[in-house]
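Each chain is listed here by its residues.
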Amino acid sequence: MSLLELENVTASYGHAEVLHGISFVLDENAAAGILGANGAGKTTTLRAISGMVATTGKITFDGKDITGMRPDQVARLGIAHVPEGRGTISDLTVHDNLKVGAYQRHDRKQIATDIEFCLDLFPNLRERIGSNASALSGGEQQMLAISRAIMAKPRVILLDEASLGLAPSTAQRVYQAIRRLRAESSVSLVVVEQNAMLAFSVVDHAIVLEIGTTSLSGTKAELMGMDAVRRAYLGG
Ligand code: ATP
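Now for a quick tour of the structure. (Residues numbered from 1 in each chain as written. Predicted model: local features only at pLDDT ≥ 70, side-chain atom pairs only at ≥ 80, totals over all residues. Heavy atoms only, no water.)

1. Topic: the site of the ligand
Alright, step 1. As a structural note, the neighbourhood of the ligand is formed by 14 residues, with Asn38, Gly39, Lys42, Thr43 and Thr44 the closest of them.
Alright, step 2. In this structure, glycine 39 approaches the ligand through a main-chain N or O atom, which is 2.7 Å from an oxygen atom.
Alright, step 3. Taking alanine 40, its main chain carries an N or O atom lying 3.1 Å from an oxygen atom of the ligand.
Alright, step 4. Per-element accounting of the shell around the ligand gives the leading share, four residues, to helix 1 (residues 42-50). (Near = heavy atom within 4 Å. Polar contact = N/O pair within 3.5 Å; in protein donor to acceptor, adjacent residues only side chain to side chain. Helix = DSSP H or I, 4+ residues; strand = E, 2+ residues; numbered from the N terminus.)

Structure follows, in C-alpha coordinates:
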(Lines give C-alpha, C1' and ligand atoms only; values in the text may rest on other atoms or scores of the structure.)
Protein backbone atom coordinates (compact mmCIF):
# COMPACT_ATOMS: atom_id res chain seq x y z
CA MET A 1 0.00 0.00 0.00
CA SER A 2 1.28 3.45 -0.90
CA LEU A 3 1.35 6.20 1.69
CA LEU A 4 -0.47 8.71 -0.53
CA GLU A 5 -2.55 7.82 -3.54
CA LEU A 6 -4.51 9.96 -5.99
CA GLU A 7 -6.94 8.13 -8.24
CA ASN A 8 -8.52 9.96 -11.16
CA VAL A 9 -8.63 13.25 -9.23
CA THR A 10 -10.28 16.28 -10.76
CA ALA A 11 -10.22 19.76 -9.25
CA SER A 12 -12.24 22.85 -10.00
CA TYR A 13 -12.29 26.53 -9.18
CA GLY A 14 -15.98 27.42 -9.29
CA HIS A 15 -17.27 25.83 -12.47
CA ALA A 16 -13.87 25.67 -14.12
CA GLU A 17 -12.32 22.21 -13.94
CA VAL A 18 -8.53 22.58 -14.14
CA LEU A 19 -7.40 19.03 -13.21
CA HIS A 20 -9.02 16.38 -15.36
CA GLY A 21 -8.24 13.07 -13.68
CA ILE A 22 -4.78 12.84 -12.16
CA SER A 23 -3.43 9.60 -10.71
CA PHE A 24 -0.33 9.51 -8.62
CA VAL A 25 1.31 7.45 -5.87
CA LEU A 26 3.84 8.26 -3.19
CA ASP A 27 5.42 5.55 -1.07
CA GLU A 28 6.68 5.81 2.47
CA ASN A 29 10.20 7.28 2.57
CA ALA A 30 10.00 8.33 -1.05
CA ALA A 31 10.01 11.55 -3.05
CA ALA A 32 7.83 12.13 -6.09
CA GLY A 33 7.87 15.06 -8.48
CA ILE A 34 5.15 16.98 -10.28
CA LEU A 35 6.59 18.79 -13.26
CA GLY A 36 5.01 20.92 -15.93
CA ALA A 37 4.78 24.36 -17.46
CA ASN A 38 3.06 27.41 -16.01
CA GLY A 39 -0.63 26.81 -15.41
CA ALA A 40 -0.43 23.03 -15.97
CA GLY A 41 -2.07 22.30 -12.63
CA LYS A 42 0.86 21.51 -10.34
CA THR A 43 -0.17 23.85 -7.53
CA THR A 44 -3.78 22.74 -7.87
CA THR A 45 -2.72 19.10 -7.42
CA LEU A 46 -1.13 20.00 -4.09
CA ARG A 47 -4.22 22.02 -3.14
CA ALA A 48 -6.39 19.01 -3.97
CA ILE A 49 -4.34 16.85 -1.59
CA SER A 50 -4.56 19.53 1.13
CA GLY A 51 -8.31 19.96 0.77
CA MET A 52 -8.07 23.53 -0.48
CA VAL A 53 -10.00 23.07 -3.71
CA ALA A 54 -13.13 21.17 -4.75
CA THR A 55 -12.20 17.68 -5.97
CA THR A 56 -13.71 14.45 -7.28
CA GLY A 57 -11.98 11.08 -7.55
CA LYS A 58 -10.23 9.54 -4.59
CA ILE A 59 -7.32 10.63 -2.42
CA THR A 60 -6.06 8.08 0.10
CA PHE A 61 -3.52 8.75 2.84
CA ASP A 62 -2.17 5.87 4.89
CA GLY A 63 -5.17 3.78 3.85
CA LYS A 64 -7.68 6.45 4.83
CA ASP A 65 -9.94 8.23 2.34
CA ILE A 66 -9.17 11.93 2.76
CA THR A 67 -11.08 13.18 -0.30
CA GLY A 68 -13.03 16.30 0.63
CA MET A 69 -11.45 16.73 4.06
CA ARG A 70 -10.74 20.24 5.33
CA PRO A 71 -7.17 21.57 5.21
CA ASP A 72 -6.82 21.51 9.01
CA GLN A 73 -7.94 17.86 9.12
CA VAL A 74 -5.48 16.90 6.39
CA ALA A 75 -2.69 18.74 8.21
CA ARG A 76 -3.52 16.98 11.47
CA LEU A 77 -3.22 13.61 9.77
CA GLY A 78 0.38 14.40 8.88
CA ILE A 79 0.50 16.21 5.55
CA ALA A 80 2.32 19.56 5.67
CA HIS A 81 1.99 22.00 2.78
CA VAL A 82 4.70 24.54 1.95
CA PRO A 83 2.81 26.82 -0.43
CA GLU A 84 4.18 28.79 -3.33
CA GLY A 85 4.88 32.23 -1.92
CA ARG A 86 5.96 30.55 1.30
CA GLY A 87 3.61 31.16 4.17
CA THR A 88 5.61 32.25 7.16
CA ILE A 89 4.19 34.59 9.79
CA SER A 90 5.93 37.83 8.95
CA ASP A 91 5.69 39.59 12.31
CA LEU A 92 7.00 36.62 14.28
CA THR A 93 10.69 35.83 14.71
CA VAL A 94 12.34 32.86 13.07
CA HIS A 95 12.35 31.06 16.41
CA ASP A 96 8.65 31.72 17.02
CA ASN A 97 7.76 30.62 13.48
CA LEU A 98 9.52 27.33 14.19
CA LYS A 99 7.62 26.93 17.47
CA VAL A 100 4.32 27.73 15.73
CA GLY A 101 5.11 24.93 13.28
CA ALA A 102 5.09 22.54 16.23
CA TYR A 103 1.93 23.88 17.85
CA GLN A 104 0.12 20.56 17.77
CA ARG A 105 2.97 18.69 19.40
CA HIS A 106 3.62 18.19 23.08
CA ASP A 107 6.97 16.40 23.00
CA ARG A 108 8.95 19.41 24.24
CA LYS A 109 12.38 17.78 24.25
CA GLN A 110 11.92 16.45 20.73
CA ILE A 111 10.67 19.88 19.59
CA ALA A 112 13.94 21.43 20.81
CA THR A 113 15.90 18.70 18.98
CA ASP A 114 13.94 19.32 15.80
CA ILE A 115 14.55 23.07 15.99
CA GLU A 116 18.26 22.25 16.18
CA PHE A 117 17.89 19.93 13.17
CA CYS A 118 16.31 22.77 11.15
CA LEU A 119 19.02 25.21 12.18
CA ASP A 120 21.68 22.67 11.16
CA LEU A 121 19.91 22.15 7.87
CA PHE A 122 19.70 25.89 7.25
CA PRO A 123 22.58 27.67 9.02
CA ASN A 124 21.31 31.01 7.66
CA LEU A 125 18.31 30.63 9.94
CA ARG A 126 20.52 30.17 12.98
CA GLU A 127 22.08 33.55 12.24
CA ARG A 128 18.62 35.12 11.89
CA ILE A 129 16.95 33.28 14.78
CA GLY A 130 15.78 36.51 16.49
CA SER A 131 14.79 38.37 13.31
CA ASN A 132 11.24 38.81 12.18
CA ALA A 133 10.37 36.67 9.17
CA SER A 134 9.53 39.86 7.28
CA ALA A 135 13.19 40.90 7.50
CA LEU A 136 14.48 37.72 5.84
CA SER A 137 15.61 37.40 2.24
CA GLY A 138 13.48 35.35 -0.15
CA GLY A 139 15.81 32.38 0.23
CA GLU A 140 15.74 32.58 4.01
CA GLN A 141 11.93 32.80 3.98
CA GLN A 142 11.82 29.65 1.86
CA MET A 143 14.16 27.93 4.32
CA LEU A 144 11.91 29.03 7.18
CA ALA A 145 8.75 27.83 5.42
CA ILE A 146 10.30 24.39 4.90
CA SER A 147 11.50 24.33 8.49
CA ARG A 148 8.05 25.20 9.78
CA ALA A 149 6.69 22.23 7.88
CA ILE A 150 9.41 19.98 9.33
CA MET A 151 8.48 21.20 12.82
CA ALA A 152 4.98 19.78 12.41
CA LYS A 153 6.66 16.34 12.17
CA PRO A 154 4.54 15.35 9.19
CA ARG A 155 4.75 12.10 7.26
CA VAL A 156 4.49 13.96 3.96
CA ILE A 157 5.65 17.43 2.95
CA LEU A 158 4.10 19.02 -0.14
CA LEU A 159 6.67 21.44 -1.51
CA ASP A 160 5.44 23.99 -4.04
CA GLU A 161 8.10 25.61 -6.25
CA ALA A 162 10.73 25.96 -3.55
CA SER A 163 13.13 27.50 -6.08
CA LEU A 164 10.74 30.17 -7.34
CA GLY A 165 12.26 33.65 -7.42
CA LEU A 166 15.54 32.55 -5.85
CA ALA A 167 19.02 33.15 -7.23
CA PRO A 168 20.37 29.89 -8.71
CA SER A 169 22.95 29.47 -5.94
CA THR A 170 20.27 29.96 -3.26
CA ALA A 171 17.96 27.49 -4.99
CA GLN A 172 20.84 24.99 -5.03
CA ARG A 173 21.37 25.49 -1.31
CA VAL A 174 17.68 24.97 -0.58
CA TYR A 175 17.64 21.75 -2.61
CA GLN A 176 20.83 20.52 -1.00
CA ALA A 177 19.03 20.82 2.34
CA ILE A 178 15.98 19.03 0.94
CA ARG A 179 18.22 16.14 -0.15
CA ARG A 180 19.68 16.02 3.34
CA LEU A 181 16.19 16.05 4.84
CA ARG A 182 15.38 13.02 2.68
CA ALA A 183 18.51 11.23 3.74
CA GLU A 184 18.23 11.96 7.44
CA SER A 185 14.52 11.65 8.12
CA SER A 186 11.70 9.35 7.14
CA VAL A 187 9.49 12.10 5.75
CA SER A 188 8.13 11.62 2.22
CA LEU A 189 8.06 14.48 -0.25
CA VAL A 190 5.93 15.67 -3.14
CA VAL A 191 8.04 18.18 -5.03
CA VAL A 192 6.38 20.59 -7.46
CA GLU A 193 8.93 22.30 -9.68
CA GLN A 194 9.25 24.12 -12.95
CA ASN A 195 12.99 23.55 -12.68
CA ALA A 196 13.19 19.85 -13.57
CA MET A 197 16.91 19.55 -12.85
CA LEU A 198 16.33 20.60 -9.25
CA ALA A 199 13.37 18.26 -8.92
CA PHE A 200 15.37 15.34 -10.35
CA SER A 201 18.08 15.97 -7.76
CA VAL A 202 15.58 14.86 -5.11
CA VAL A 203 12.79 12.69 -6.52
CA ASP A 204 12.64 8.99 -7.42
CA HIS A 205 9.81 9.33 -9.91
CA ALA A 206 7.59 12.04 -11.34
CA ILE A 207 4.59 12.92 -13.41
CA VAL A 208 4.55 15.66 -16.01
CA LEU A 209 1.33 17.66 -16.22
CA GLU A 210 0.03 19.37 -19.30
CA ILE A 211 -3.16 21.44 -19.08
CA GLY A 212 -4.54 19.45 -16.16
CA THR A 213 -3.75 15.95 -17.42
CA THR A 214 -0.76 13.65 -16.96
CA SER A 215 1.25 13.68 -20.16
CA LEU A 216 4.18 11.57 -18.94
CA SER A 217 5.15 9.60 -15.87
CA GLY A 218 8.02 7.38 -14.89
CA THR A 219 11.10 6.97 -12.79
CA LYS A 220 13.66 9.72 -12.78
CA ALA A 221 15.90 7.70 -15.11
CA GLU A 222 13.04 6.94 -17.50
CA LEU A 223 11.96 10.57 -17.68
CA MET A 224 15.47 11.93 -18.04
CA GLY A 225 15.94 9.59 -20.98
CA MET A 226 12.89 10.87 -22.83
CA ASP A 227 13.50 13.32 -25.66
CA ALA A 228 10.32 15.24 -24.85
CA VAL A 229 11.46 15.80 -21.26
CA ARG A 230 15.01 16.68 -22.26
CA ARG A 231 13.82 19.21 -24.81
CA ALA A 232 11.13 20.84 -22.67
CA TYR A 233 12.67 20.73 -19.21
CA LEU A 234 16.37 19.92 -19.31
CA GLY A 235 17.54 22.32 -21.98
CA GLY A 236 18.61 19.73 -24.49
P1 ATP B 1 2.25 27.84 -11.86
O2 ATP B 1 3.61 27.29 -11.98
O3 ATP B 1 2.01 29.02 -12.73
O4 ATP B 1 1.77 28.00 -10.46
P5 ATP B 1 0.70 25.42 -11.96
O6 ATP B 1 1.10 24.28 -12.83
O7 ATP B 1 0.97 25.31 -10.53
O8 ATP B 1 1.32 26.73 -12.56
P9 ATP B 1 -2.00 25.98 -11.24
O10 ATP B 1 -1.62 27.16 -10.41
O11 ATP B 1 -2.41 24.74 -10.55
O12 ATP B 1 -0.85 25.64 -12.24
O13 ATP B 1 -3.14 26.44 -12.25
C14 ATP B 1 -3.87 25.54 -13.09
C15 ATP B 1 -4.98 26.30 -13.78
O16 ATP B 1 -5.92 26.73 -12.81
C17 ATP B 1 -4.53 27.53 -14.52
O18 ATP B 1 -5.24 27.62 -15.72
C19 ATP B 1 -4.88 28.67 -13.59
O20 ATP B 1 -5.19 29.82 -14.32
C21 ATP B 1 -6.12 28.14 -12.88
N22 ATP B 1 -6.24 28.65 -11.51
C23 ATP B 1 -5.30 28.62 -10.54
N24 ATP B 1 -5.75 29.16 -9.39
C25 ATP B 1 -7.01 29.57 -9.64
C26 ATP B 1 -8.03 30.23 -8.87
N27 ATP B 1 -7.83 30.55 -7.57
N28 ATP B 1 -9.21 30.50 -9.47
C29 ATP B 1 -9.42 30.17 -10.77
N30 ATP B 1 -8.52 29.55 -11.56
C31 ATP B 1 -7.33 29.26 -11.01
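Next comes the rest of the description.
2. Quick word on the sheet that holds strand 3 (residues 31-36)
Alright, step 1. Across the sheet, six strands lie side by side as 6-7-8-3-9-10; this open sheet has mixed pairing. Looking at which strands have only one partner, the edges of the open sheet turn out to be strand 6 (79-82) and strand 10 (213-219). Strand-to-strand twist in this sheet, taken as the mean axis angle between neighbours without regard to direction, amounts to 15 degrees.
Alright, step 2. By the bridge criterion, six bridges tie strand 9 (residues 205-210) to strand 10 in an arrangement that is antiparallel. (Pairing = 2+ DSSP bridges. Axes fitted to C-alpha atoms, helices over the stretch in contact; angles between N-to-C directions.)

3. Some thoughts on the layout of surface pockets
Alright, step 1. Taken as a whole, the largest pocket spans an internal volume of roughly 660 Å³.
Alright, step 2. As for the largest pocket, its lining consists of 28 residues, and the residues nearest its centre are Ala75, Ile79, Ala80, His81 and Ala152.
Alright, step 3. At five residues, helix 2 (residues 71-77) tops the list of elements feeding residues into the lining of the largest pocket.
Alright, step 4. What the second largest pocket holds in volume is close to 230 Å³.
Alright, step 5. Lining the second largest pocket are 13 residues, and of these Lys153, Pro154, Ser185, Ser186 and Val187 lie nearest its centre.
Alright, step 6. Secondary-structure elements contributing two or more residues to the lining of the second largest pocket are helix 4 (108-121) and helix 7 (168-184).
Alright, step 7. The residue makeup of the lining of the second largest pocket, split by class, is six nonpolar, two polar and five charged. (1 Å grid on protein atoms, 1.4 Å probe; cavity = no way out; pocket = protein on both sides within 12 Å on 5 of 7 lines; lining within 4 Å. Points joined across faces, edges and corners; volume = space filled by probe spheres on them. Nonpolar A, V, L, I, M, F, W, Y, C, P; charged D, E, K, R; others polar.)

4. Examining the pairing of strand 7 (residues 156-160)
Alright, step 1. Buried residues dominate strand 7, accounting for five of its five residues.
Alright, step 2. The side-chain alternation of strand 7 yields two buried faces, one formed by Val156, Leu158 and Asp160 and the other by Ile157 and Leu159.
Alright, step 3. With four bridges connecting them, strand 6 and strand 7 associate as parallel partners. Its bridge partner lying in strand 7, alanine 80 is registered against isoleucine 157. (Buried < 20%, exposed > 50% of the residue type's maximum accessible area, 1.4 Å probe, protein only.)

5. Brief notes about the packing of helix 4 against helix 6 (residues 138-151)
Alright, step 1. Taken N-terminus to C-terminus, the directions of helix 4 and helix 6 make an angle of 155 degrees; their axes are 10 Å apart at the nearest point. Here helix 6 runs roughly antiparallel to helix 4, going by the angle between their axes. Considering the relative orientation of helix 4 and helix 6, their crossing is right-handed. For the pair formed by helix 4 and helix 6, the contact residues are Ile111, Asp114, Ile115, Phe117, Cys118 and Leu121 on the first element and Ser147, Ile150 and Met151 on the second.
Alright, step 2. Residue composition of the contact of helix 4 with helix 6, grouped by class: seven nonpolar, one polar and one charged. (Parallel < 35°, antiparallel > 145°, perpendicular 65-115°, else oblique. Left-handed = near helix turned anticlockwise from the far one by under 90°. Contact = heavy atoms within 4.5 Å.)

6. Some words on the sheet that holds strand 5 (residues 64-65)
Alright, step 1. As summarised here, the arrangement of the four strands in space is 2-1-4-5, forming an open sheet in which the pairing is antiparallel. With one partner strand each, in any of the chains shown, strand 2 (16-26) and strand 5 form the two edges of the open sheet.
Alright, step 2. Summarising the sheet, strand 1 (residues 4-13) and strand 2 pair through eight bridges and their orientation is antiparallel. The residue bridging serine 12 from the neighbouring strand is glutamate 17, located in strand 2.

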